[in-house]
There are 12 protein chains.
Amino acid sequence: MEHNEQAYICIKALENGVSVMGMTRGRDTRFHHTEKLDAGEVLLCQFTDNTSAMKIRGKAEVWTRHGCLHSGMEETK
Amino acid sequence: MEHNEQAYICIKALENGVSVMGMTRGRDTRFHHTEKLDAGEVLLCQFTDNTSAMKIRGKAEVWTRHGCLHSGMEETK
Amino acid sequence: MEHNEQAYICIKALENGVSVMGMTRGRDTRFHHTEKLDAGEVLLCQFTDNTSAMKIRGKAEVWTRHGCLHSGMEETK
Amino acid sequence: MEHNEQAYICIKALENGVSVMGMTRGRDTRFHHTEKLDAGEVLLCQFTDNTSAMKIRGKAEVWTRHGCLHSGMEETK
Amino acid sequence: MEHNEQAYICIKALENGVSVMGMTRGRDTRFHHTEKLDAGEVLLCQFTDNTSAMKIRGKAEVWTRHGCLHSGMEETK
Amino acid sequence: MEHNEQAYICIKALENGVSVMGMTRGRDTRFHHTEKLDAGEVLLCQFTDNTSAMKIRGKAEVWTRHGCLHSGMEETK
Amino acid sequence: MEHNEQAYICIKALENGVSVMGMTRGRDTRFHHTEKLDAGEVLLCQFTDNTSAMKIRGKAEVWTRHGCLHSGMEETK
Amino acid sequence: MEHNEQAYICIKALENGVSVMGMTRGRDTRFHHTEKLDAGEVLLCQFTDNTSAMKIRGKAEVWTRHGCLHSGMEETK
Amino acid sequence: MEHNEQAYICIKALENGVSVMGMTRGRDTRFHHTEKLDAGEVLLCQFTDNTSAMKIRGKAEVWTRHGCLHSGMEETK
Amino acid sequence: MEHNEQAYICIKALENGVSVMGMTRGRDTRFHHTEKLDAGEVLLCQFTDNTSAMKIRGKAEVWTRHGCLHSGMEETK
Amino acid sequence: MEHNEQAYICIKALENGVSVMGMTRGRDTRFHHTEKLDAGEVLLCQFTDNTSAMKIRGKAEVWTRHGCLHSGMEETK
Amino acid sequence: MEHNEQAYICIKALENGVSVMGMTRGRDTRFHHTEKLDAGEVLLCQFTDNTSAMKIRGKAEVWTRHGCLHSGMEETK
């Protein structure tokens, strides 16, 4: 039985081709899935028994418990 | 026995043909269901033992614990 | 034994013929029940072991943990 | 042993003949009880192992965790 | 062993002959007890393994988690 | 073993002969104890495995989780 | 093993001869202990497996979760 | 194993000879220990499996969850 | 296994020779340890399976959940 | 079964080549994985059964429960 | 298995030679470890199954749940 | 199974060669690991079954539940 009461994060792509890459939990850390988002698409996703990290590449809003980050943006550089 | 006390999200379609795609929990990440919404329809849905991610395509309000996002909208581009 | 301490949502129909459709929890996602509401009727309902999603069609107030949405309304289009 | 620590809702009838209909929990969704209220009567009731939804018909105040709704009222039409 | 840590409600009769009727929990919903209150009497009572609903008839203040309702009163009619 | 961490209520008699009547929990609802209070006496009491309701008759302040009620008083009649 | 994490109340006698009477928990409700306090003495006491009610007679401050009551006082008569 | 996570109270003696008397938990309520405090001494103590009540005699500050009482003082008489 | 998640208190000696005396938990209440503090030394200590009371003698700041007391001081006498 | 309800941190690279190095939990503390981030990429990651420390090298925003730190930045030197 | 979710305290040495002495939990209270800190060094440490008290000697900031104390300082003498 | 839901602390080195030394939990307190940080590097780390104390040497910001300390700094001397 899985813990599906896990918190979730929200990702909104702001350009085509945003990648959300899930990374494996456990001893071996590697990518196990890549979800491609087009501009305007929203992805809601949880950490799971299989996923303990996610990497976001491309322009997107990333809504998390720590606030809203912007990936792929130049605003703080 | 499932954990049906899961938090839920709310999606309100703002145009016809909004897609809410459920993605499988577990080792294999793929779409297992797509729900089509017409303009004005509201969908309330939970993460489950079978669903650990959802993808929303088309103009919609997405009400989450992190606030209200707008999918398919141009307002931040 | 079921978890009947589940949170509940409130739906108030604002026109005749509002549909509240319960969708099955589990591997197979399909409608298992449709409740029809006439104008002014209020439905209070929970997510259950059998229901992990609900779809609302027609003009209604939908009271949720994320606030009050209006289904079938034109106000944000 | 039942979970009787369930939250409760309050319904106050504002006219004679208000109906509060309990709907069955489980695979089969149907009415299992209808309580009739006359004007001024108050009903306090819980969701139970047997009831996962309630439908209110007629003019009433419905006090819930999401606030106080008015069933059968014209004020928002 | 019962769960007697149940929340309680308070009812204050504002006229003689106020009825507080306990309704059975379980498959069969019927009245199992009626308590009569005279003006000024206060009843504090819990939901129990045997009671999942209560009906109040006559002029009374009903103090609940959702606030204080007045049964049998004309003020909102 | 009883649950003695139960919340308690406070009753202060404002006249002689105030009655606090404990009513039985379970299938059979009847009085199992009556405590008489004289003016100025304070009673602190809990709901128990044996008591799921209490009735207060006579002038008293009743301090509860919902606030302070006055039994036997004319102020709201 | 007892539940000694029980909340406690505080009683400060404002005259000699204040009585704090513990009443038995369980089917039989009777006094099992009376503690006499002289003016200025403070008693801190818990509800226990043996005590589900306490009666205070005489002038005292009674500090509870609902606030501070004054027993034996004329101020509200 | 005892529950030593119990809340504690603080007593500061304001004169020599302040008594803090522990009273037994259980069926039999009697004094099992008396701690004498001189002016300025501070006692921090918990309710335990053996102590369900404490009596303070003499001038002292008694810091509790309900606030700070003064034992043996004339200020409210 | 002990419960070492216990809350802790802080004592800062304001003169040489401050005593912090631990008193035994259980049926027999006696001193089992005395810690001497010199001016400026700080002691952080927990209630334990062996300690249910502590006595502080001499000038010190005693930081507790109820605030900061000053032992051995004349300021409130 | 792992505890995947773990809190997560957010890292946004502000230059190419930011390293996030996971360090092993347990008796032996060593690097078990290094994730390289390019400018604008966001990494969300959890502490796991295998990771009890992380080291960030290079210019990045590190969003944590204690606030937002900037690694590799000169602003406080 | 130990309870390592224990709260922690923070100590910052403000002079060379600050001592943080851990004292044994259990029947026998004695020093089991002394950590020496030089000026500017910070020690973060938990109460453990072996440590139920700590003594700090020398000038240091001691950050605790009750606030920040200064050991070895003259400011309140 | 370890408790990896442990709180974490954040350390940002403000000069080269900052040391974060992990100290063993249990009867024997000694250093089991030293992590060296260069200026600008950030370390996020948890207390674990093996680590109950950490010592930080050198100029760094130490973000903890009690606030942000500066190690190796002269500002309060």
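Being a predicted model, the structure only gives us computed values, none of them experimental.

Draft legend 1. Structural view of the state of the cysteines. In total, this model carries zero disulfides over all chains according to the counting rule given. Take Cys68(E): it sits in no disulfide, and the sulfur closest to it among the cysteines is that of Cys10(E), at 9.4 Å.

Draft legend 2. The arrangement of the pairing of strand 2 (residues 18-24) of chain F in detail. Residues and elements named next belong to chain F. With seven of seven residues buried, strand 2 lies mostly within the body of the structure. The side-chain alternation of strand 2 yields two buried faces, one formed by Val18, Val20, Gly22 and Thr24 and the other by Ser19, Met21 and Met23. Both strand 2 and strand 3 (residues 31-37) contribute to a ladder of six bridges, which runs antiparallel. Bridge assignment links Ser19 to a residue of strand 3, and that residue is Lys36. From the end of strand 2 to the start of strand 3, which pair antiparallel, there are six residues, and Gly26 there has a positive phi angle of about 110°. Relative to strand 5 (residues 51-57), strand 2 is paired through six bridges, and the arrangement is antiparallel. Directly across from Gly22, in strand 5, lies its bridge partner Met54.

Draft legend 3. Up close: the packing of aromatic side chains. For the structure on display, the rule yields 12 aromatic pairs over all chains. With a centroid separation of 5.2 Å and 40° between ring planes, the pair formed by Tyr8(C) and Phe47(D) is classed as tilted. With Tyr8(C) in strand 1 (residues 8-13) and Phe47(D) in the loop between strand 4 (42-46) and strand 5 (51-57), this pair bridges two chains.

Draft legend 4. Broad picture of the interface of chain J and chain A. In this complex, chain J contributes 31 residues to the contact, which on the side of chain A involves 33 residues. Taken together, the two surfaces of chain J and chain A that pack against each other cover about 2800 Å², and 52% of this comes from carbon and sulfur. The interface formed by chain J and chain A contains three salt bridges. The interface formed by chain J and chain A contains 11 residue pairs in polar contact (both at pLDDT 80 or more). Of all the secondary-structure elements, those providing two or more residues to the side of chain J that touches chain A are strand 1 (8-13), strand 3 (31-37), strand 4 (42-46) and strand 6 (60-64) of chain J.

Draft legend 5. Inspection of the sheet that holds strand 3 (residues 31-37) of chain G at higher detail. Strand order in the open sheet formed by seven strands is 7(F)-6(F)-1(F)-4(F)-5(G)-2(G)-3(G), with antiparallel pairing between adjacent strands. Two strands in the sheet have a free side with no partner beyond their single neighbour: strand 7 (67-71) of chain F together with strand 3 of chain G. The mean inter-strand angle of the sheet, taken between neighbouring strand axes irrespective of direction, is 20°.

Draft legend 6. Region of interest: the pattern of salt bridges. Under the definition given, this model contains 48 salt bridges over all chains. Asp28(C) is the partner of Arg30(C) in a salt bridge, and the nearest nitrogen-oxygen pair spans 3.0 Å. What makes Arg30(C) partly exposed here is its relative accessible area of 45%. Notably, a salt bridge pairs Arg57(G) with Glu41(F), separated by 2.4 Å at the nearest N-O pair. Taken as a pair, Arg57(G) in strand 5 (residues 51-57) and Glu41(F) in the loop between strand 3 and strand 4 (42-46) lie in two separate chains rather than in one. Put simply, Glu35(A), Glu41(A), Lys55(B) and Arg57(B) are held in one network by salt bridges that share partners.

Draft legend 7. Representation of the sheet that holds strand 1 (residues 8-13) of chain I. Here seven strands make up an open sheet; going across it, the order is 7(I)-6(I)-1(I)-4(I)-5(K)-2(K)-3(K) and the pairing antiparallel. In this open sheet, the two strands that pair with only one neighbour each are strand 7 (67-71) of chain I together with strand 3 (31-37) of chain K. Direction aside, neighbouring strands of the sheet carry axes that sit 20° apart on average.

Draft legend 8. Local environment of the confidence of the model for chain A. Residue and element names in this part refer to chain A. Residues of chain A with pLDDT of at least 70 account for 87%, and the chain-wide mean is 88. When mean pLDDT is compared element by element in chain A, strand 6 (residues 60-64) scores highest at 97, while strand 3 (residues 31-37) scores lowest at 95. Scoring of the predicted complex yields 0.90 for pTM and 0.89 for ipTM.

Draft legend 9. Local environment of the side chain of Asn50(L). The topology assignment puts Asn50(L) in the loop between strand 4 (42-46) and strand 5 (51-57). Asn50(L) gets classed as buried once you look at its relative accessible area, which sits at 18%.

Draft legend 10. Focus on the environment of Ala13(G). All names here are of chain G. Within the element layout of this structure, Ala13 appears in strand 1 (residues 8-13). Through-space distance from the C-alpha of Ala13 to that of Ile56 is 9.9 Å; in sequence the pair is 43 residues apart. Not counting residues up to four positions away in its chain, the partners in contact with Ala13 are Val18, Leu37, Asp38, Ala39, Gly40, Glu41, Lys59 and Ala60.

What counts and what doesn't
- Residues numbered from 1 in each chain as written.
- Chains lettered and ligands numbered in written order.
- Predicted model: local features only at pLDDT ≥ 70, side-chain atom pairs only at ≥ 80, totals over all residues.
- Heavy atoms only, no water.
- Disulfide = S-S within 2.5 Å.
- Buried < 20%, exposed > 50% of the residue type's maximum accessible area, 1.4 Å probe, protein only.
- Helix = DSSP H or I, 4+ residues; strand = E, 2+ residues; numbered from the N terminus.
- Pairing = 2+ DSSP bridges.
- Phe/Tyr/Trp six-rings, centres within 6.5 Å; stacked < 30°, edge-to-face > 60°.
- Contact = heavy atoms within 4.5 Å.
- Buried area = accessible area lost by both parts, 1.4 Å probe.
- Salt bridge = Lys/Arg side-chain N within 4 Å of Asp/Glu carboxyl O.
- Polar contact = N/O pair within 3.5 Å; in protein donor to acceptor, adjacent residues only side chain to side chain.
- Axes fitted to C-alpha atoms, helices over the stretch in contact; angles between N-to-C directions.
- pLDDT = per-residue confidence, 0-100.

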